[in-house]
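# Structure at a glance
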Amino acid sequence: GKRSVGGRCSSRDWPGGRIVDHAAQFAQVRDERFQAFMKELEESGDVRRWGVDERFGVIRGTGEFTPTDDGALRFVGQNGMGGIAEVMARGLDVRQDVWVPPSGGIRWQRDGS
């Protein structure tokens, strides 16, 4: 992004001092290595478990809310999902507001060269 790392895992400041995640709302663990990584982030205070208090579920067309109890581990950043990207970017040389062409910079000429 232009202002911070994250892309689809970024957060915005909202009026009233709230942080809004406008793309990825949570990270779900599906791999042991990712689970270990998220546990480290949880212990350091960068993320917290989410969806364990019956606030995660499905809203039906009738407006009825049904909590989902699928046992999945879900996490959110303490300061929005962008916080997870910021932790992952620590120590990296991240260039922001740089245009990268869809071809990844590969040029093609009509003659095939």
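One can find the structure itself at the top, above this paragraph.
Remember, predicted model here, so these are calculated numbers, not experimental data. (Residues numbered from 1 in each chain as written. Predicted model: local features only at pLDDT ≥ 70, side-chain atom pairs only at ≥ 80, totals over all residues. Heavy atoms only, no water.)

Attention now goes to the overall build of the chain. A count of helices and strands for the chain gives two helices and seven strands. Listing the helices and strands of the chain from first to last along the sequence gives β-β-β-α-β-β-β-β-α. Burial statistics for the chain: of 113 residues in total, 22% are counted as buried. When contacts within the chain are restricted to residue pairs at least 6 apart in sequence, long-range pairs at least 24 apart make up 59% of them. Surface accessibility of the chain: about 8,900 Å² in total, with carbon and sulfur atoms responsible for 49%. (Helix = DSSP H or I, 4+ residues; strand = E, 2+ residues; numbered from the N terminus. Buried < 20%, exposed > 50% of the residue type's maximum accessible area, 1.4 Å probe, protein only. Contact = heavy atoms within 4.5 Å. Areas by Shrake-Rupley, 256 points an atom, 1.4 Å probe, with all protein chains shown as cover.)

Evaluated as defined, the whole model comprises five salt bridges. Notably, a salt bridge pairs aspartate 31 with arginine 33, separated by 3.2 Å at the nearest N-O pair. Across the salt bridge formed by aspartate 93 and arginine 95, the nearest N and O atoms sit 2.8 Å from each other. As far as burial versus exposure is concerned, aspartate 93 and arginine 95 are alike and both exposed. (Salt bridge = Lys/Arg side-chain N within 4 Å of Asp/Glu carboxyl O.)

This next bit is on the pairing of strand β7 (residues 74-77). What you see with β7 is no split at all: Arg74 and Val76 on one side and Phe75 and Gly77 on the other are buried throughout. Across two bridges, strand β3 (residues 27-28) lies against β7 in antiparallel orientation. The residue bridging alanine 27 from the neighbouring strand is phenylalanine 75, located in β7. (Pairing = 2+ DSSP bridges.)

Okay, the sheet that holds β7 next. Strand order in the open sheet made by the three strands is β3-β7-β4, with antiparallel pairing throughout. Each having just a single partner strand, β3 and β4 (47-49) make up the two edges of the open sheet.

Applying the stated criterion across every chain, the model contains four aromatic pairs. Here the aromatic rings of phenylalanine 26 and tryptophan 50 are separated by 5.3 Å at their centres, their planes lie at 25 degrees, and the arrangement is stacked. Pair noted here: phenylalanine 26 is in the loop between β2 (18-21) and β3 and tryptophan 50 is in the loop between β4 and β5 (57-59), with a separation of 24 residues, a long-range link. Within the aromatic cluster, the residues linked to one another by ring pairs are Phe26, Trp50 and Phe56. (Phe/Tyr/Trp six-rings, centres within 6.5 Å; stacked < 30°, edge-to-face > 60°.)

So, on to the side chain of aspartate 46. Residue position: aspartate 46 is located in the loop between α1 (32-43) and β4. Separated by 2.6 Å, the side chains of aspartate 46 and serine 44 make a polar contact. Discounting chain neighbours no more than four positions away, the residues touching aspartate 46 are Leu41, Val76, Gly77, Gln78, Val87 and Arg90. (Polar contact = N/O pair within 3.5 Å; in protein donor to acceptor, adjacent residues only side chain to side chain.)

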